[in-house]
Amino acid sequence: ADISKTLRTTSRDLFNLGYSTEEVVTMVFSTPSLPPSTFMFKVFEVNNEITARDLTNKTYVLRCVSDESLLNARKGIDIAISGTVDSSVNQIMKNIIKTNKSIFTEACKGFDTYVFPSNITPFQGIDFLRRKAVSQTYPSSSFVFFENQLGFNFVTVEKLIDDGLKRDPYRDWE
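Residues numbered from 1 in each chain as written. Predicted model: local features only at pLDDT ≥ 70, side-chain atom pairs only at ≥ 80, totals over all residues. Heavy atoms only, no water.

Asker: Requested: an account of the nonpolar core, with residues and values cited.
Answerer: One broad rule of soluble globular proteins: the nonpolar side chains tend to lie buried together. With 18 residues, the main nonpolar core has Val85, Val89, Ile92, Met93, Leu129 and Phe154 as its most contacted residues. Of all elements in the fold, only α3 (85-96), β7 (112-116), α4 (122-132) and β9 (151-156) reach the threshold of two or more residues within this core. Of all the elements, α3 adds the most residues to this core, at five residues. One finds Phe39, Phe41, Tyr60 and Cys64 within the second-largest nonpolar core, a separate group that totals eight residues. (Core = buried A, V, L, I, M, F, W, Y, C linked by side-chain atoms within 4.5 Å. Buried < 20%, exposed > 50% of the residue type's maximum accessible area, 1.4 Å probe, protein only. Helix = DSSP H or I, 4+ residues; strand = E, 2+ residues; numbered from the N terminus.)

Asker: Which residues make up the confidence of the model for the protein, and what values do they have?
Answerer: Confidence along the protein averages 83 in pLDDT terms, with 83% of residues attaining 70 or more. A low-confidence stretch, residues 12-17 stays under pLDDT 50, and its non-local contacts, those more than four residues away or across chains, total ten contacts. (pLDDT = per-residue confidence, 0-100. Contact = heavy atoms within 4.5 Å.)

Asker: Explain the pattern of salt bridges to me, using residue names and the numbers behind them.
Answerer: A complete count under the given rule lists seven salt bridges for this structure. Two residues, Lys159 and Asp163, come together in a salt bridge whose shortest N-O distance is 3.1 Å. Within this pair, Lys159 and its partner Asp163 are both found in helix α5 (residues 157-166), separated by four residues, close to a single helical turn. The class of Asp163 is partly exposed, set by a relative accessible area of 32%. Three or more residues joined by partner-sharing salt bridges are found here, namely Glu68, Lys101 and Glu147. (Salt bridge = Lys/Arg side-chain N within 4 Å of Asp/Glu carboxyl O.)

Asker: Give me the lowdown on the side chain of Asn90, citing residues and values where you can.
Answerer: Topologically, Asn90 is positioned in helix α3. Taking the relative accessible area as the measure of exposure, Asn90 reaches 17% and is therefore buried. A polar contact of 3.4 Å, which involves the side chain of Asn90, links it to the side chain of Thr105. Among all residues touching Asn90, those that are not within four sequence positions of it are Ile103 and Thr105. (Polar contact = N/O pair within 3.5 Å; in protein donor to acceptor, adjacent residues only side chain to side chain.)

Asker: Which residues make up α3, and what values do they have?
Answerer: The terminal C-alpha atoms of α3 lie 16 Å apart, and with twelve residues this matches the ideal 16 Å at 1.5 Å per residue to within 8%. All of the buried residues along α3 are Val85, Asp86, Ser88, Val89, Asn90, Ile92, Met93 and Ile96. Looking at the residues trailing α3, positive phi occurs at Lys98, about 60°. (Expected span 1.5 Å × (residues − 1).)

Asker: How would you summarise the packing of α3 against α4 if you had to cite specific residues and measurements?
Answerer: In helix packing, the relevant descriptors are the interaxial angle and the interaxial distance, both defined with respect to the helix axes. One way to put it is that α3 packs onto α4 with a least axis distance of 10 Å and a crossing angle of 170°. Compared by their axis directions, α3 and α4 come out roughly antiparallel. Facing α3, whose interface residues are Val85, Ser88, Val89, Ile92, Met93 and Ile96, α4 presents Pro122, Phe123, Gly125, Ile126, Leu129 and Lys132. In the contact of α3 with α4, the residues fall into nine nonpolar, two polar and one charged. (Axes fitted to C-alpha atoms, helices over the stretch in contact; angles between N-to-C directions. Parallel < 35°, antiparallel > 145°, perpendicular 65-115°, else oblique. Nonpolar A, V, L, I, M, F, W, Y, C, P; charged D, E, K, R; others polar.)

Asker: Break down the sheet that holds strand β8 (residues 143-148) for me, with residues and values.
Answerer: The strands that make up a sheet pair up through hydrogen bonds in the backbone, lying either parallel or antiparallel. Read from one edge of the open sheet, three strands run β6-β9-β8, paired in mixed fashion. The strands lining the two open edges of the sheet, one partner per strand, are β6 (103-105) and β8. On average, each strand axis in the sheet is inclined to that of its neighbour by 15°, with strand direction left out of account. When β6 meets β9, the two strands line up parallel, connected through three bridges. Looking across to β9, one finds that Phe104 is bridged to Asn153. Sitting on the sheet, α5 is in contact with β8 and β9, with an inclination near 105° to β9. (Pairing = 2+ DSSP bridges.)

Asker: Tell me what's going on with helix α2 (residues 67-74), and back it up with residues and numbers.
Answerer: Here α2 has its buried residues at Glu68, Ser69 and Asn72. All buried residues of α2 fall inside an arc of 95° around its axis, so they share one side. (Arc of directions from axis to C-beta.)

Here you go:
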């Protein structure tokens, strides 16, 4: 995930120190129905530094990226993977991206071997698999791959809709 975060500081220590692209930013996201989730991002760009006219504060825009996105941009797959599409997605995330985050996959039909060249990034490989996936449960097999505060998800749109319909809106959204 590539995110931008605007930061305003009035602390003299931070004001004089500034930021570099070697910083790590920790963010906590809260949703009423879930426990808070903490994510760490690496700063890859600092720009739009603005100092207030009275010199009391500075504003920065920090562009940040997750470890998984950073590794994805730097590494090709260059392997053959055998198994169902959902197990292949798990193999890419665990063995190539080396994520420690949870991975939720929906069961897929079929067994195949996929050969990926080195010029394909892991996320491009997962997108290729997404288009090949056939759900064991839902006929349209419209798979999506995304990350949320629970982890990485490789599921069909239909499963997302069904899971949403099962929620108790009064308990989950208050």
